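# Chain and residue survey
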Amino acid sequence: MTETPESTESEPTATTADTAGVGARLREVREHKGISPAEVAAQLHLNEQTIVALEQDDRSRLPAPIYVRGYVRAYARLLGLDEEELLARYQPAESPELRTVGMPPQAQPALRSARMPWRLLGTLVLLVALAGLAVFVLPGLWERFTTAGDPEASTAGEVSDLEPLPVPSGSPRSEAGDSRVRLPALTAPSDPRPAPGTPGRPESMPEPPPVPEPPPASESPPVAESPPAASAPVAPARPEVPPAPAEAGPQQLQLRLQLSQDSWISIRNAAGERLLVGLYQAGSEHRISGRPPLQVVLGNAAGVELTVDGEPYSLSGYDPGSVARFTLE
Amino acid sequence: MLGFKRLVGIFSEDLSIDLGTANTLIYVRGRGIVLNEPSVVAIRQDRGPGGPKSIAAVGIEAKRMLGRTPGNITAIRPLKDGVIADFTVTEKMLQHFIHKVHEGRFFRPSPRVLICVPCGSTQVERRAIKESAAGAGAREVYLIEEPMAAAIGAGMPVDEASGSMVLDIGGGTSEVAVISLNGIVYSSSVRIGGDRFDEAIINYVRRNYGTLIGESTAERIKHEIGSAYPGNEVKELEVKGRNLAQGVPRSFTLNSNEILEALQEPLSGIVSAVKTALEQTPPELGADVAERGIVLTGGSALLRDLDRLLMEETGLPVVVADDPLTCVARGGGRALEMMDERGGDVFSLEG
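Residues numbered from 1 in each chain as written. Chains lettered and ligands numbered in written order. Predicted model: local features only at pLDDT ≥ 70, side-chain atom pairs only at ≥ 80, totals over all residues. Heavy atoms only, no water.

Right, let's talk about a nonpolar patch on the surface for a bit. On the surface, Leu120, Leu124, Leu126, Leu127, Leu130, Leu133, Val135, Phe136, Val137, Leu138 and Leu141 of chain A cluster together into a nonpolar patch covering about 1,100 Å² of accessible area. Residue classification places Leu130 of chain A among the exposed positions, given a relative accessible area of 51%. (Patch = residues over 30% accessible without salt bridge, like charges linked within 9 Å, V, L, I, M, F, W, Y side chains within 5 Å. Areas by Shrake-Rupley, 256 points an atom, 1.4 Å probe, with all protein chains shown as cover. Salt bridge = Lys/Arg side-chain N within 4 Å of Asp/Glu carboxyl O. Buried < 20%, exposed > 50% of the residue type's maximum accessible area, 1.4 Å probe, protein only.)

All names here are of chain B. Two numbers describe how helix α6 (residues 194-209) lies on helix α9 (residues 264-280): the axes approach to 8 Å, and their chain directions differ by 150°. The orientation of α6 relative to α9 falls into the category roughly antiparallel. Note on element contacts: α9 touches α6 through Glu265, Pro266, Leu267 and Ile270, opposite Arg196, Phe197 and Ala200. Among the residues forming the contact of α6 with α9, the class breakdown is five nonpolar, no polar and two charged. (Axes fitted to C-alpha atoms, helices over the stretch in contact; angles between N-to-C directions. Helix = DSSP H or I, 4+ residues; strand = E, 2+ residues; numbered from the N terminus. Parallel < 35°, antiparallel > 145°, perpendicular 65-115°, else oblique. Contact = heavy atoms within 4.5 Å. Nonpolar A, V, L, I, M, F, W, Y, C, P; charged D, E, K, R; others polar.)

Turning our eyes to something else, we now look at the UniProt feature "transmembrane region" (unreviewed entry) in chain A. Here, UniProt's "transmembrane region" (unreviewed entry) annotation points to residues 120-142 of chain A. Here residues 120-142 of chain A is 100% helix and 0% strand, with 31 Å between the C-alpha atoms at its ends. (UniProt positions renumbered as here; feature names shortened; annotations may be inferred.)

All names here are of chain B. Across the sheet, which stays open at both edges, the three strands sit in the order β5-β4-β6 with antiparallel pairing between neighbours. Every other strand in the sheet has two partners, leaving β5 (53-58) and β6 (73-76) as the edge strands with one partner each. Strand-to-strand twist of the sheet, defined as the mean angle between neighbouring strand axes without regard to direction, takes the value 25°. Pairing of strand β4 (residues 41-45) with β5, which is carried by five bridges, proceeds in the antiparallel orientation. Paired with Ala42 across the bridge in β5 is Ala57. Across the sheet, helix α3 (residues 87-101) touches β4, β5 and β6, and the angle it forms with β5 is around 50°. (Pairing = 2+ DSSP bridges.)

A separate point is the environment of Ala64 of chain A. Note that Ala64 of chain A resides in the loop between α4 (48-55) and α5 (65-79). By relative accessible area, which is 16% here, Ala64 of chain A ends up buried. Residues contacting Ala64 of chain A, with those up to four places away along its chain left out, are Gly155 and Pro157 of chain B.

Our focus in this paragraph is the sheet that holds strand β8 (residues 324-328) of chain A. Backbone hydrogen bonds are what pair the strands of a sheet, in a parallel or an antiparallel way. All names here are of chain A. Taken together, the four strands give an open sheet; going across it, the order is β3-β2-β5-β8, and neighbouring strands pair in antiparallel fashion. On the outer flanks of this sheet lie β3 (274-280) and β8, each paired with one strand and no other. Strand-to-strand twist across the sheet, computed as the mean angle between neighbouring axes with direction ignored, equals 10°. In this structure, strand β2 (residues 263-268) lies alongside β3, joined through six bridges in antiparallel fashion. In the strand pairing of β3, Ser263 is matched with Tyr280.

Per-residue confidence for chain B averages 88 on the pLDDT scale, and 92% of its residues sit at or above 70. The ipTM, which scores confidence in the relative placement of chains, is 0.82 for this predicted complex, and the corresponding pTM is 0.61. (pLDDT = per-residue confidence, 0-100.)

Residues and elements named next belong to chain B. Most of strand β11 (residues 164-169) is tucked away: six of the six residues are buried. Judged by which residues are buried, β11 turns out to be covered on both faces: Ser164, Val166 and Asp168 on one side and Met165, Leu167 and Ile169 on the other are all buried. Of the strand pairs in this sheet, β11 and strand β12 (residues 174-180) are connected by six bridges, and their pairing is antiparallel. The residue bridging Leu167 from the neighbouring strand is Val176, located in β12. Between the end of β11 and the start of β12, which pair antiparallel, lie four residues.

Okay, the pairing of strand β15 (residues 236-243) of chain B next. Residue and element names in this part refer to chain B. Bridge count between strand β14 (residues 211-212) and β15: two bridges; the pairing is antiparallel. If you follow Thr211 over to β15, its bridge partner there is Asn243. For β15 and strand β16 (residues 249-255), the ladder comprises seven bridges, and the chain directions are antiparallel. When the sheet's bridge partners are listed, Glu238 is paired in β16 with Thr253. Remark: five residues form the turn of the hairpin made by β15 and β16, two consecutive strands paired antiparallel; Gly247 in that turn has positive phi of roughly 75°.

Between its first and last C-alpha atoms α5 of chain A spans 21 Å; for 15 residues at 1.5 Å apiece the expected length is 21 Å, and the two agree. One or two residues past the end of α5 of chain A sits Gly80 of chain A, with phi positive at roughly 75°. (Expected span 1.5 Å × (residues − 1).)

What follows covers unusual backbone geometry. In this structure, Pro293 of chain A follows Pro292 of chain A across a cis peptide bond, with omega equal to 0°. Its location among the elements puts Pro293 of chain A in the loop between β4 (285-290) and β5 (294-298). Here the phi dihedral of Asp305 of chain B falls at roughly 65°; this positive angle occurs in a residue that is not glycine. Along the chain, the position of Asp305 of chain B falls in the loop between β17 (294-297) and α11 (306-314). Classification of Asp305 of chain B by relative accessible area gives buried; the value is 13%.

Below, the structure written as structure tokens:
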């Protein structure tokens, strides 16, 4: 539909001005060669009237420009004329978009790297935003939530089998109790590789001092040395943190797992907190303590040696590669 | 996400893509044809089979590698017979081309894209094309049938209540259609195109000269001395290929009459498709076609005297469109413009 208005606008002028010579030229050459219009029409499979209209440049009797250009080309070829020269006087069938813009082939961007920076940047911005949210918004909410929920927070100091650490400020008892009690949740997997993220947000999520468990000292850092350093920055936030009194119940179980093969391990304490979760390598050793009942899942029971409070726990009933699920009371 | 895409879309231009077997062309509104490159992708796979794959080159560079690659690079054509043969590679190629068109932009391009599909393609093939364009970053993908786009691009009066016949001969397929009132009345597609011409030349040379030539050489022969109708002058070309008996490269001379003979089989396939179309066309429209003629578009319409052959075989006037290679892409661009001007109901576009 767009073609028609365009052609009616542009062609009458073009026809009268530019193509006036084309028809005359064709007729002249044809007459010179002694060919009749009927013969031309037969050669080109066109009507004789079309040939006559073409020679008279009578657009009203001719179809759309694309056809006319084709006819002129064929006619010129038949007469041995330079078709391009004649066609140059006609408007192209579709005038505007015949332009071709080239692009240098060497300007090709590497496919892989082309979109990388934006992806990366977007991801980074998102991460920074999330981190900001975690640091500034969540702690406030958490504090409000927990202090409202546990008004008796400071009474949780009863789990004092380990003497409170010397802390410069705040009430030592509640801190000590609190730190120990929250311990299983945060640093539960007393994995030799400490979680790298934990020291990053000290003031809000109090990073408790190292696992207050008995020997062997080789694995966990010495309790006596680290507390001042570890707890000093922690101090301001401590009083608000809940003591989670539920944990203060019965005696904790000490588990020791030695892996002879790779295995998936999941251990949850009574409150459902994960003490140890993940796929662990053969040869590694893990010590954890938690309040029973402990729900234990060993992905490869045959590859794990489990000791509970120093007593070996029999896993002989499981085949190699089978999953062991049990609860330690 | 949709809103965001729309926002980014302000900074992207609408594209019309002629995703062809041999060449991919991209038309940008207001800028014309901005990209015309072979649909070839070279893939590098280091460290043996199963190693990581990466794109070594796309387009012209990759085409130069066709048939000349070492073991760790494969130059492939991800489209076959006008439809996608390798989905992932097509997506990568489209992505590359879309980025190339939007080079130097601040935002990641997210254009509206109109892609031309062969009219004989199945639902599955159309969907593959749509998804691969969407995967390459298109915000919206529309499909248009190739002969329709070709007719618009050629400047045919598709909106009139009279029949126009267009024959689009591409790399993989030839499409013939009769169009009236912005719609396709009859269309058919045969999987014969420039590629089949090349194959025919390769086979001919092997049979008659006992010599093996590659696809690129066959294409060069077709461009330089190929013709569809016996002409007055006989052109000759010296070619080199591997002699099958001796096993060493030998050079020999081919002339245009031999190539004409070689091309007989694929050409007769196209001619019979056109004849069938004429048979199937309703008589009124057939009369219109007979009066004005058939329009040839597509890269293979540039084969010398192809219009002459069709003219003699059908007895109808045959006209080659201006710049036939870009007709489809230009027509797609026009369709996009018309869609904006009057809403999406001008053509049967698949959104």
